[in-house]
Amino acid sequence: MLERAERIVHGASRWVLDRVDPQWVDYVASNTMTDINRRLNRFIWTYELQAQVVRVIDEAPGVKTYELRPNQLWRGMQPGQHIEVLLPVDGERAAPLRRHYSATVLPRGRLSITVKRLIGGQGSSWMHEHLRPGVLLRLGAAQGSFVHRGQAKVLHLCAGSGITPAHSMIESLLAGTEDQCPDQQLIAQFSRTEDVIFKAVLPRWQQAGVKVDTVFGGQAGARLTAEKLQALCPDLLERDIYLCGPEGFMDTMMSNLAALGVDLARVHTERFTAPSAVASPAGGFSAEGTEVVFKHLGKRITLTAADQNKTLLQAARDHGLDLESGCCQGMCGTCKLTVHEGEVSGNTLGRAVYMCTAYPASRTLVLGG
């Protein structure tokens, strides 16, 4: 009986949020907040950003997509950004497990995340076992700069669930949210044909003018080499590249792209697993006197002896710069900048540096967006 009543309340909440401006819902809820209201409807009468699971879709073996309906505290997102999901794996009273997922913007204020169940993955396993329609999740605001920046020609290069931010960007661009849809190509690598994620939408993208190629790395000789990449995308050097996937795939693709002469400043990256190598300062390098320039902010700082062994993010903040950050574990890329001049040690991918887990390694360092 209690579960049925909760389903009715959640259904009524979705109905209201679909039809009433969220800011009005927020105004009414915040001005009528009582303990009774919060007990009766903890989805709307709350100060926390939450989302209700609306639908669960089996995308591929071990891969599920969760359609979510955020409450009135959701402020939207740009396609390609990610969200933090707080998972109560040890119960509501324990500290939640925090995970970051790319999200796809859906109509009527909804969004979706696609989660691959990882062997030994505490968060993904809990989601696959416990998330069903009606379950509430706490969320963080959208973060990240892995978004389309108006380039005329782009290549989405991804593997496995790394196709999720590409899905979000391609869907948005095809829907006409920009003045002119860019020339888009997708190259996606999966282990086997049955592992393809978003299989149903790929033909629709092709019909809409997106060049789509799928590669199956589980087959002998099928992996994406530099030569194969060049053959699939002959105008590679003319495109901005959005790269997302497992660490090994991304490292290999960065090497392939560099070998093909791609300007790595035009390679935009996103990942959601911590790098396998532990980030550490460059051995024997003294940070004192190092000048760090932040081109995108028009700011520069000079490091002191007190900044020794501090990450670039820590040092910048200690010098008064308010830099954006997310997980602070080298995964989500919210703090990521591009190295324009100089050297860094620690967590890098091509010319991208993850500020929260990287350190200066040259006397002059120029960073930018």
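Residues numbered from 1 in each chain as written. Predicted model: local features only at pLDDT ≥ 70, side-chain atom pairs only at ≥ 80, totals over all residues. Heavy atoms only, no water.

*Asks:* Just to check I follow, could you spell out the overall build of the protein for this structure?
*Replies:* The helix and strand tally for the protein stands at 9 helices and 17 strands. The globule rule puts the C-alpha radius of gyration for 369 residues at 21 Å, and the 22 Å found for the protein is close to it. If one aligns the C-alpha atoms of the protein with their principal axes, the spans along those axes are about 65 × 50 × 45 Å. The proportion of buried residues among the 369 residues of the protein is 50%. Summed over its atoms, the accessible surface of the protein is roughly 17700 Å², and 50% of this surface lies on carbon and sulfur atoms. (Helix = DSSP H or I, 4+ residues; strand = E, 2+ residues; numbered from the N terminus. Rg over C-alpha atoms; globule rule 2.2 N^0.38 Å. Buried < 20%, exposed > 50% of the residue type's maximum accessible area, 1.4 Å probe, protein only. Areas by Shrake-Rupley, 256 points an atom, 1.4 Å probe, with all protein chains shown as cover.)

*Asks:* Help me understand the pattern of salt bridges in this model?
*Replies:* One side chain can pair with another of opposite charge once the charged atoms of both are near each other. This structure, assessed with the given rule, holds 23 salt bridges. Note that Lys153 and Glu238 form a salt bridge whose closest N and O atoms lie 2.7 Å from each other. Of the two residues, Lys153 is situated in strand S7 (residues 153-159) and Glu238 in the loop between helix H7 (226-232) and strand S10 (240-244); the sequence distance between them amounts to 85 residues. A relative accessible area of 48% means that Glu238 is categorised as partly exposed. Between Lys310 and Asp318 there is a salt bridge whose closest N-O contact spans 2.6 Å. When salt bridges that share partners are traced, they join Asp18, Arg55, Glu67, Arg69, Arg108 and Arg110 into one network. (Salt bridge = Lys/Arg side-chain N within 4 Å of Asp/Glu carboxyl O.)

*Asks:* Explain the packing of aromatic side chains to me, please; I cannot follow it from the model alone.
*Replies:* Aromatic ring pairs are described here by two measures, namely the spacing of the ring centres and the angle between the planes. Tallying each qualifying case throughout the model produces 2 aromatic pairs. A ring pair is formed by Phe146 and Tyr242, whose centres lie 5.5 Å apart and whose planes are at 75 degrees; its orientation type is edge-to-face. Linking Phe146 in the loop between strand S6 (136-139) and S7 with Tyr242 in strand S10, this pair joins segments that are 96 residues apart in sequence. We note that Phe146, like Tyr242, is buried. (Phe/Tyr/Trp six-rings, centres within 6.5 Å; stacked < 30°, edge-to-face > 60°.)

*Asks:* Can you walk me through the sheet that holds strand S15 (residues 344-349) in this structure?
*Replies:* Sheet strands pair by backbone hydrogen bonding; their relative direction is either parallel or antiparallel. A sheet is described by the order of its strands in space; here 6 strands give the open sequence S13-S12-S17-S14-S16-S15, paired in mixed fashion. Looking at strand neighbours, the two that pair on one side only are strand S13 (299-302) and S15, the edges of this open sheet. With direction set aside, neighbouring strand axes in the sheet form an average angle of 35 degrees. Where strand S14 (residues 337-341) meets strand S17 (residues 364-368), 3 bridges bridge the pair, whose relative direction is antiparallel. Paired with Thr338 across the bridge in S17 is Gly368. (Pairing = 2+ DSSP bridges. Axes fitted to C-alpha atoms, helices over the stretch in contact; angles between N-to-C directions.)

*Asks:* In this structure, what is going on with the side chain of Asp213? I would like to understand it.
*Replies:* Note that Asp213 resides in strand S9 (residues 211-216). A polar side-chain atom of Asp213 sits 2.7 Å from a polar atom in the side chain of Lys211. Those residues in contact with Asp213, other than ones at most four positions away along the chain, are Gln185, Leu186, Ile187, Ala188 and Leu232. (Polar contact = N/O pair within 3.5 Å; in protein donor to acceptor, adjacent residues only side chain to side chain. Contact = heavy atoms within 4.5 Å.)

*Asks:* Is there a simple way to think about the sheet that holds strand S5 (residues 111-116) in this case?
*Replies:* Spatial strand order, S1-S2-S5-S4-S3-S6: 6 strands in a closed barrel with antiparallel pairing. When the angles between neighbouring strand axes are averaged without regard to direction, this sheet yields 45 degrees. Docked against the sheet, helix H4 (residues 122-130) engages strand S2 (63-70), strand S3 (82-87), strand S4 (97-105), S5 and S6, running at close to 115 degrees with respect to S5. Along the sheet face, helix H5 (residues 163-174) touches S4 and S5 and points at about 35 degrees away from the line of S4.

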